[in-house]
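Summary of structural features
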Amino acid sequence: MKLNDENIKNDEWDTEFLSDEVIELSVVSEDSGERIDKYLSGKLTEYSRSYLKGLIDEGKVRVEGKPVKSSFKVTEGINISISIPPVKEAEIIPENIPLDILYEDEDVILINKPKGMVVHPAAGHYTGTLVNALMYHCRDNLSGINGELRPGIVHRIDMDTTGVIIACKNDVSHRIIAEQLKEHSIKRKYQAIVYGVFKDEEGRIEGSIGRSKTDRKKMAVIPDGKPAVTHYRVIRNYTSPNGNNFAHIECELETGRTHQIRVHMTSIGHPLLGDEIYGAAKNPFKLDGQALHAEMLGFVHPRTGEYMEFHAPLPEYFSKLLTKLA
């Protein structure tokens, strides 16, 4: 494979990256012609685009063994190697980031998370996360069970998923809420916009979810995965003369696997609108990420034993989408 010399840096391969984790990708035809920085941000979603661009600038991204520039355009069949440096211990700084607080007491705090906010620090996302905001708001009153990078965090929702998330202020409440999650007794309902219309008003999807055998950065329905069950109910089907049909649905989780709704809905032919990982290649509404909202979370309070339920209103972008579809 011959590469455009204008897009290749002239340094030689050396041993400085031997301790890095190396990710190998092979470009398929549908991605041909895309800039490599955009291509990587679509495939390696746990890293920010700026972080990946930094890896490119440092020569840690190589095509057929040679480093390239961010402007390099990928073509079908080329092999890309990405060297991810070992995670460095980072000091997580409290940040005065406004929070939409749905409820708070001495044990728990429930937040309506906005689109684009990462839940906890990770490579490429050490600032601007929900944890940074919680550390400022709650001071030292966060559980420590999940370590220094995830204080208070019992569960997570994806960066581009909006809605209700619970955090714990002490280890006792953390253990009790975590046990409810393990027993699948916490109620969680989501709203989503998906491709296609449904014949049946409701349904049940049962399919074990695990790491994809062909793409390690994706989850998939596989025989040896963890059991997963999603119930869905159609709120409204939207048909269009141009063939772009969509549906507004509600999903209730029995389990809480990584990307569960996104994987399950794709498995039955109804990928989420805007989902760049599991969805359609074309995004007619130019969304930043999937149209998915954690609308409700219900749990038994760790101190009082009272069942509590909290709802987050649909975000503005979601409501506007429904208006357009109608």
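The model shown is predicted, which means the values in this text are computed figures rather than measured ones.

So, how was this worked out
- Residues numbered from 1 in each chain as written.
- Predicted model: local features only at pLDDT ≥ 70, side-chain atom pairs only at ≥ 80, totals over all residues.
- Heavy atoms only, no water.
- Helix = DSSP H or I, 4+ residues; strand = E, 2+ residues; numbered from the N terminus.
- Buried < 20%, exposed > 50% of the residue type's maximum accessible area, 1.4 Å probe, protein only.
- Polar contact = N/O pair within 3.5 Å; in protein donor to acceptor, adjacent residues only side chain to side chain.
- Contact = heavy atoms within 4.5 Å.
- Domains from an automatic or database assignment.
- Buried area = accessible area lost by both parts, 1.4 Å probe.
- Salt bridge = Lys/Arg side-chain N within 4 Å of Asp/Glu carboxyl O.
- UniProt positions renumbered as here; feature names shortened; annotations may be inferred.
- Pairing = 2+ DSSP bridges.
- Axes fitted to C-alpha atoms, helices over the stretch in contact; angles between N-to-C directions.

1. Regarding the side chain of threonine 162
Relative to the elements of secondary structure, threonine 162 occurs in strand 7 (residues 162–168). Judged by its relative accessible area of 3%, threonine 162 falls in the buried class. Separated by 2.7 Å, the side chains of threonine 162 and histidine 293 make a polar contact. Those residues within four positions of threonine 162 in sequence are excluded, and the remaining contacts are Lys113, Pro114, Lys115, Ile157, Leu292, His293, Ala294, Pro315 and Tyr317.

2. Quick look at unusual backbone geometry
Positive phi is not limited to glycine here, since histidine 259 has a value of about 60°. Relative to the elements of secondary structure, histidine 259 occurs in the loop between strand 13 (246–253) and helix 5 (260–267). Notably, lysine 286 is not glycine yet its phi reads approximately 55°, a positive angle. Relative to the helices and strands, lysine 286 resides in the loop between helix 5 and strand 14 (292–300).

3. Topic: the side chain of asparagine 112
Of note, asparagine 112 is situated in strand 6 (residues 108–113). With a relative accessible area of 12%, asparagine 112 lands in the buried category. Once you skip the residues sitting within four places of it in the chain, asparagine 112 turns out to touch Asp100, Leu102, Gly163, His293, Ala312 and Pro313.

4. Considering the domain arrangement of the chain
Split by domain assignment, the chain resolves into domain 1 (21–84) and domain 2 (101–325). For domain 1 and domain 2, the distance between their C-alpha centroids amounts to 28 Å. Between domain 1 and domain 2, the residue contacts involve 10 residues of the former and 6 residues of the latter. Interface of domain 1 and domain 2: buried area, both sides summed, is about 840 Å²; carbon and sulfur atoms make up 55% of it. Area buried by domain 1 at its contact with domain 2 is led by Thr45, Glu46 and Ser48, which between them contribute 39% of it. Counting across the interface, domain 1 meets domain 2 through 0 salt bridges. The tally of links from domain 1 across to domain 2 stands at 0 residue pairs in polar contact (both at pLDDT 80 or more). Broken down by secondary-structure element, the contributors of at least two residues to the side of domain 1 that touches domain 2 are strand 1 (21–26) and helix 1 (36–43).

5. A closer look at the UniProt feature "active site" (unreviewed entry) in the chain
Mapped onto the present numbering, the UniProt feature "active site" (unreviewed entry) falls at Asp158. Judged by its relative accessible area of 12%, aspartate 158 falls in the buried class. Those residues in contact with aspartate 158 that sit more than four places away from it in its chain are Lys113, His259, Arg262 and Gln290.

6. Comments concerning the pairing of strand 12 (residues 229–238)
Of the pairings in the sheet, the one linking strand 9 (residues 202–206) to strand 12 comprises 5 bridges and is antiparallel in character. Bridge pairing in strand 12 places glutamate 206 opposite valine 229. Pairing geometry for strand 12 and strand 13, over 8 bridges, is antiparallel. Its bridge partner lying in strand 13, asparagine 237 is registered against alanine 247.

7. A word on the environment of threonine 230
With respect to the helices, strands and loops of the structure, threonine 230 is situated in strand 12. If we ignore the near neighbours within four places in the chain, the residues touching threonine 230 are Gly203, Arg204, Ile205, Cys251, Glu252, Leu253, Gln260, Ile261 and His264. Among the polar contacts made by the side chain of threonine 230, one reaches the side chain of glutamine 260 at a distance of 2.8 Å. Of note is the side chain of threonine 230, whose polar atom sits 2.8 Å from the side chain of histidine 264.

8. What to know about the sheet that holds strand 4 (residues 79–84)
The pairing of strands in a sheet comes from backbone hydrogen bonds and takes either a parallel or an antiparallel form. Here 4 strands make up an open sheet; going across it, the order is 1-4-2-3 and the pairing antiparallel. If you trace the sheet from one side to the other, it starts and ends with strand 1 and strand 3 (66–67), each paired once. Judged from the 2 bridges that link them, strand 2 (residues 61–63) and strand 3 form a sheet pairing that is antiparallel. Each bridged residue has a counterpart across the sheet, and for valine 63 the counterpart in strand 3 is lysine 66. Along the sheet, helix 2 (residues 49–57) contacts strand 2 and strand 4; its crossing angle with strand 4, the most-contacted strand, is approximately 100°.

9. Description of the environment of glycine 116
By the secondary structure assignment, glycine 116 is in the loop between strand 6 and helix 3 (130–138). Using a relative accessible area of 41% as the deciding quantity, one classes glycine 116 as partly exposed. In contact with glycine 116, not counting residues within four places along its chain, are Met159 and Asp160.

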